[in-house]
Amino acid sequence: NATSPQLNVATVAGGGDINPTNNTANDLVTVVGGPDPTITKTHTGNFFQGQVGAQFTITVTNLGLSPTVGTVTVSDVLPAGLSPTAIAGTGWTCTQPGGPCTRSDALNPAGIYPTLMLTVDVASNATSPQLNVATVAGGGDIDPSNNTANDSVTVALGPDLRIAKSHGGNFTPGQVGASYAITVTNVGNAATVGTVTMTDTLPAGLTATAIAGGGWTCVLGTLTCTRSDPLAPSESYPGIVLTVNVSPTSPPNLVNVATVSGGGDVDPSNNTASDPTTIVVALQYAVPALTPAALALLSLMLAMVALFGRRRFRRVR
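Residue positions are given per chain, counted from 1 along the sequence in the order it is written. Reporting in this predicted model follows two pLDDT cut-offs: at least 70 for local features of residues, and 80 or more for side-chain atom pairs to be given and counted; totals over whole chains, interfaces and linings ignore these cut-offs and use all residues. Calculated side-chain values reflect all of the structure's heavy atoms, with hydrogen atoms and water omitted.

1. Looking at the overall build of the protein
So, point 1. In terms of regular secondary structure, the protein is built from 1 helix and 22 strands.
So, point 2. Reported as C-alpha extents along the three principal axes, the dimensions of the protein are approximately 175 × 35 × 30 Å.
So, point 3. Of all 317 residues assigned to the protein, the portion counted as buried reaches 33%.
So, point 4. In the form shown here, the protein has an accessible surface area of approximately 17,800 Å², with 58% of it arising from carbon and sulfur atoms.
So, point 5. Charge counting follows a simple rule: Lys and Arg are positive, Asp and Glu are negative, and His as well as the terminal groups are ignored. One atom stands in for each charge, and that atom is NZ of Lys, CZ of Arg, CG of Asp or CD of Glu. Side-chain charges in the protein split into 11 positive and 16 negative, and the spacing between the mean points of these groups amounts to 64 Å. Helix and strand assignments come from DSSP, with helices taken as H or I runs of at least 4 residues and strands as E runs of at least 2, each series counted from the N terminus. Summary of the burial criterion: residues with accessible area below 20% of their type's maximum are buried, those above 50% are exposed, and those between are partly exposed, where the area comes from a 1.4 Å probe applied to protein chains only. All accessible areas in this document rest on Shrake-Rupley with a 1.4 Å probe, and a residue is counted as covered only by the protein chains that are shown.

2. Some details on the sheet that holds strand β5 (residues 54-62)
So, point 1. At least two DSSP bridges between two strands are required for those strands to pair. The 4 strands are arranged β3-β5-β10-β7 in an open sheet whose pairing can be described as antiparallel. Only two strands of the sheet have a single neighbouring strand rather than two, namely β3 (37-42) and β7 (82-88). On average, each strand axis in the sheet is inclined to that of its neighbour by 25 degrees, with strand direction left out of account.
So, point 2. Pairing analysis gives 5 bridges linking β5 to strand β10 (residues 116-122), with the strands arranged antiparallel. Looking at β10, one finds that Thr57 is bridged to Met117. Whenever a helix is involved, its axis is fitted only over the stretch in contact; in every case the axis is a line through C-alpha atoms, and angles between N-to-C directions fall within 0 to 180 degrees.

3. Focus on the environment of Ala80
So, point 1. Along the chain, Ala80 turns up in the loop between β6 (72-77) and β7.
So, point 2. You can call Ala80 exposed: its relative accessible area is 84%.
So, point 3. Residues Ala80 and Asn125 lie 45 residues apart in sequence; the distance between their C-alpha atoms is 10 Å.

4. Some details on the sheet that holds strand β9 (residues 101-103)
So, point 1. Pairing is antiparallel across the open sheet formed by 5 strands, whose spatial order is β8-β9-β6-β11-β12. Since the sheet does not close on itself, it has two edges, and those belong to β8 (93-94) and β12 (148-153), each with one partner.
So, point 2. For strand β11 (residues 130-138) and β12, the ladder comprises 6 bridges, and the chain directions are antiparallel. Within β12, the residue paired with Ala134 across the bridge is Ala149.

5. Some details on the state of the cysteines
So, point 1. Note on terminology: pairs of cysteine sulfur atoms within 2.5 Å are recorded as disulfides. Counted by the stated rule, this structure contains 2 disulfides.
So, point 2. Disulfide partner of Cys94: Cys101, at an S-S distance of 2.1 Å. Measuring the twist about the S-S bond at about 115 degrees, one finds the Cys94-Cys101 disulfide to be right-handed. Here Cys94 matches Cys101 in class, with each residue buried.
So, point 3. Here Cys218 pairs with Cys225 through a disulfide, and the sulfurs are 2.1 Å apart. Measuring the twist about the S-S bond at about 115 degrees, one finds the Cys218-Cys225 disulfide to be right-handed.
So, point 4. Relative accessible area serves as the criterion here: at 24%, Cys218 is assigned to the partly exposed category.
So, point 5. Residue classification places Cys225 among the buried residues on the basis of a relative accessible area of 0%.
So, point 6. When the cysteines of the protein that form disulfides are numbered from the N-terminus onward, they connect as 1-2, 3-4.

Next up, the structure:
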């Protein structure tokens, strides 16, 4: 709280001095406000349970009237429901995965250091809210009252992917071009994040010939389809159609299984769909072989029927 200016006075005496008029020196010092590093911490939107790669932004600003002097240190204290995975910022030296971070270059008044990005994973059972606390220290700071930033995060239930699989009617042995329909829906409370993968497992007796769906990247050899665009709550991705051929020797009952994973899914209990498929043999009518005697009798009967028919036709005329 020193005022400005400050007058410093020094004197010398003794030594047989014969002229005391020059024994005093005055030094007038101008006192200006010192450096005042302050910290802010923010995030975007809500986090959700089980989320991977959520981020905080940490910013250090000099609100003082002088440049910082010496090392500036940023420390972050995460709550139990958040786990650090990385922290970084241009010009900062950081201890991984969650700090502290330091730098010693002077920060001028009203200047802002490059931001720090703190990446965290959210526990699958994280409660809400989660309070994250960041502090700044050093740099010749003269005002510790603004050295702490609290950031409260709402943690919502995350995305919940559900898969459904169906087909129409029964298949038949040797059938070509039978198909299954596969649908992935988000029944959770947050949009998906990252890659979503659908994998199909065909039983023996079925051979895949094609797999595709709007917006999906599908590989026939592995029967996998992936995409990374967010799927909003209560929405479904475009359906996937899996085309198969049925073996002539297929067993009568097959079960096709499809699974979905990724996207930040928080509930694996509905990530698998089983589709029982019945293989029905088409009915065939066999004509028994006739002996020569039976053929002769059949020919005679047909001739008599024809003769009888002609006679009735003449009488009617």
